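Below are the chains, spelled out letter by letter.
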Amino acid sequence: MTETQILMLNNLIYDPVFTAEGAEAFSVGELLEFVDTDAYQKQEGMADPATTREEWENLLALARGDEELCSLRIVERKNNPATGAKALCFYSEKEEEAFVVFAGTGYNEWRDDLVAGAESDTRQQTEALEWFEALPYEKITVSGHSKGGNKAMYVAVCSDKAPMCIAFDGEGFSREFLEKYREKIEERKGQIVLYANYRDFVSCLLYPIAGTVIFLENDGGISAEELGFGGYHCPDTLFLHRDGKILYELARQGKREPAIELIQEFTIYFMEKAPKAERVQLLSFLGDIMQRLMGQGEYRNDIFYTIAADGLRDVLIYLQAFLNEKKREDLTRYLCQICSLANLLEEFAGLPAIVKPLLPFLLSGAAEQKMLSFFIHLAAQTGQTLTVRDFTQETRERTIEAAREVEKEEVWRISRWDCWYQLEEVMVGLDWSRYVDEIEVYYRKLIDLNDAGVREIERIFDEVQSIDSLYAEKIAAENERIREGTERIKRLGGHSNVRGGKI
């Protein structure tokens, strides 16, 4: 099977015919005859909207003309109604090889997408791996689009079967994942290929792990009036388009849009700079936002109303620090990325042509700092008083190191006398937002102001750990009680008989 054929399977999985109960009884060619294009607007995924009806009919015609593709049979199927997660295993008797396809984000998986930025393994990733490991095949190629591409790469790294992986527009991974699976990633990245549209806005998120990344340039079938910028994430945009038609080959290779590079660099900057507790808080908030905007599943009002303004403020603080660093390191490249962003805003957001040439100026000087500072202040005024206490091992080690530095300071280093820190606190406030790039300096000043030594810091963290362990035991006991109660209800349900509305 070629990459083009595997891409076709990653398009077909979005049609409910292929993931419906009983699909295992048919070949791909037989299932294609069941697809009802008259009901296209009612289908999820492909009509959300990402592909027009005409493009979908174009894809179906290409698929029906591929005898090898049509001969594949669906042998295993995953369709989780609780999350919307879908996966299919196709089998080729000719090649004696299986081809697994993971679909993109299900309606209740959006939060999992975001919290992946702070965890080594998410629930949806581990469920995908468990399903994959149970397949009775050794020769397997694993693939997926969007979140499905992320799952495919996760499986390629973690599975004992060490499959070949072809991912499409798949997002990256967290620092925790890179650290936990460092050796496996290095060993298996050569078996992972990631294809992404040059303007795709999902594959640029978090840390990439694919040994080969190929950007495909295609703008066919995408317009502000029809599908908008979101069309660049549709799997059909990875095919070559010509004269309004989709051809059965991959689009030509090119380079990633500079504005998308900027987004990737910011996500990695945030991963590097933010302590884990803060990443968990912000990513949980952003995950709930995406769940509301994109999904139809459950969302958390407690997360949204508690963190909303504070989360926005913290994102803006990191963005401000990131842009400052970008300008210092390479102003020319930064301006190129901002001009790229201006082009996208003009094309898809209706940015007036007269504003476009001013955007690089607005985002590269004092005007940018004033705008961001204004929005940070506005978010701070709007937000609730929420304090996140970060007692992770990472913060413990960084704080103790800062305390040791304070204890070793020579008395003649006048610039580090705490009287200057006291003056800073009185005049402008000792605000962490101004120390995103130098968080150790912020820790050192706080320690010096409060006369906190290594022993005192260790005592505080030990007490927090003790309280944390106590509550962990209580929560575990409560979870066990709930589990036992659930099992009792299931057993009662198995013996119940409902007649005439009575049990």
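## Thoughts on the packing of aromatic side chains
Phase 1 of the analysis: Taken as a whole and assessed by the stated rule, the structure comprises 13 aromatic pairs.
Phase 2 of the analysis: Ring geometry for Tyr91 versus Tyr137: centroids 5.1 Å apart, planes at 25°, classification stacked. Pair noted here: Tyr91 is in strand β2 (residues 86–92) and Tyr137 is in the loop between α7 (123–133) and β4 (140–145), with a separation of 46 residues, a long-range link.
Phase 3 of the analysis: Relative to Tyr232, the ring of Tyr198 lies with its centre 6.3 Å away and its plane at 90°, an arrangement referred to as edge-to-face. Note that Tyr198 is positioned in the loop between β6 (192–197) and β7 (212–216) and Tyr232 in the loop between β7 and β8 (239–242), a separation of 34 residues in sequence.

## Observations concerning the sheet that holds β6
Phase 1 of the analysis: A sheet is described by the order of its strands in space; here 8 strands give the open sequence β1-β2-β3-β4-β5-β6-β7-β10, paired in mixed fashion. The open sheet has two edge strands, β1 (73–79) and β10 (253–254), and neither has a second partner.
Phase 2 of the analysis: Relative to strand β5 (residues 164–168), β4 runs parallel, the two being bridged by 5 bridges. Bridge pairing in β5 places Val142 opposite Cys165.
Phase 3 of the analysis: Most of the contacts of helix α8 (residues 147–158) go to β4, to which it runs at about 150°, and overall it touches β3 (97–102), β4, β5 and β6.

## So, the pattern of salt bridges
Phase 1 of the analysis: Tallied over the full model, the rule gives 11 salt bridges.
Phase 2 of the analysis: For Glu217, the salt bridge goes to Arg252, with nearest N and O atoms at 3.1 Å. One end of the pair, Glu217, is in the loop between β7 and β8; the other, Arg252, is in the loop between β9 (245–250) and β10, and 35 residues separate them in sequence.
Phase 3 of the analysis: The exposure class assigned to Glu217 is partly exposed, which follows from its relative accessible area of 24%.
Phase 4 of the analysis: The salt bridge partner of Glu265 is Lys326, with a shortest N-O separation of 2.6 Å.

## Focus on the pairing of β3
Phase 1 of the analysis: The element β3 is largely enclosed, with a buried count of 6 among its 6 residues.
Phase 2 of the analysis: Residue alternation in β3 divides its side chains into two sets, Glu97, Phe99 and Val101 and Ala98, Val100 and Phe102, and both sets are buried.
Phase 3 of the analysis: Linking β2 back to β3 in an antiparallel pair, the connection comprises 4 residues, with Glu96 at a positive phi of about 50°.
Phase 4 of the analysis: The pairing of β3 with β4 spans 5 bridges and is parallel. Across the sheet, residue Val100 finds its bridge partner in β4, namely Val142.

Rules of the game
- Residues numbered from 1 in each chain as written.
- Predicted model: local features only at pLDDT ≥ 70, side-chain atom pairs only at ≥ 80, totals over all residues.
- Heavy atoms only, no water.
- Phe/Tyr/Trp six-rings, centres within 6.5 Å; stacked < 30°, edge-to-face > 60°.
- Helix = DSSP H or I, 4+ residues; strand = E, 2+ residues; numbered from the N terminus.
- Pairing = 2+ DSSP bridges.
- Contact = heavy atoms within 4.5 Å.
- Axes fitted to C-alpha atoms, helices over the stretch in contact; angles between N-to-C directions.
- Salt bridge = Lys/Arg side-chain N within 4 Å of Asp/Glu carboxyl O.
- Buried < 20%, exposed > 50% of the residue type's maximum accessible area, 1.4 Å probe, protein only.

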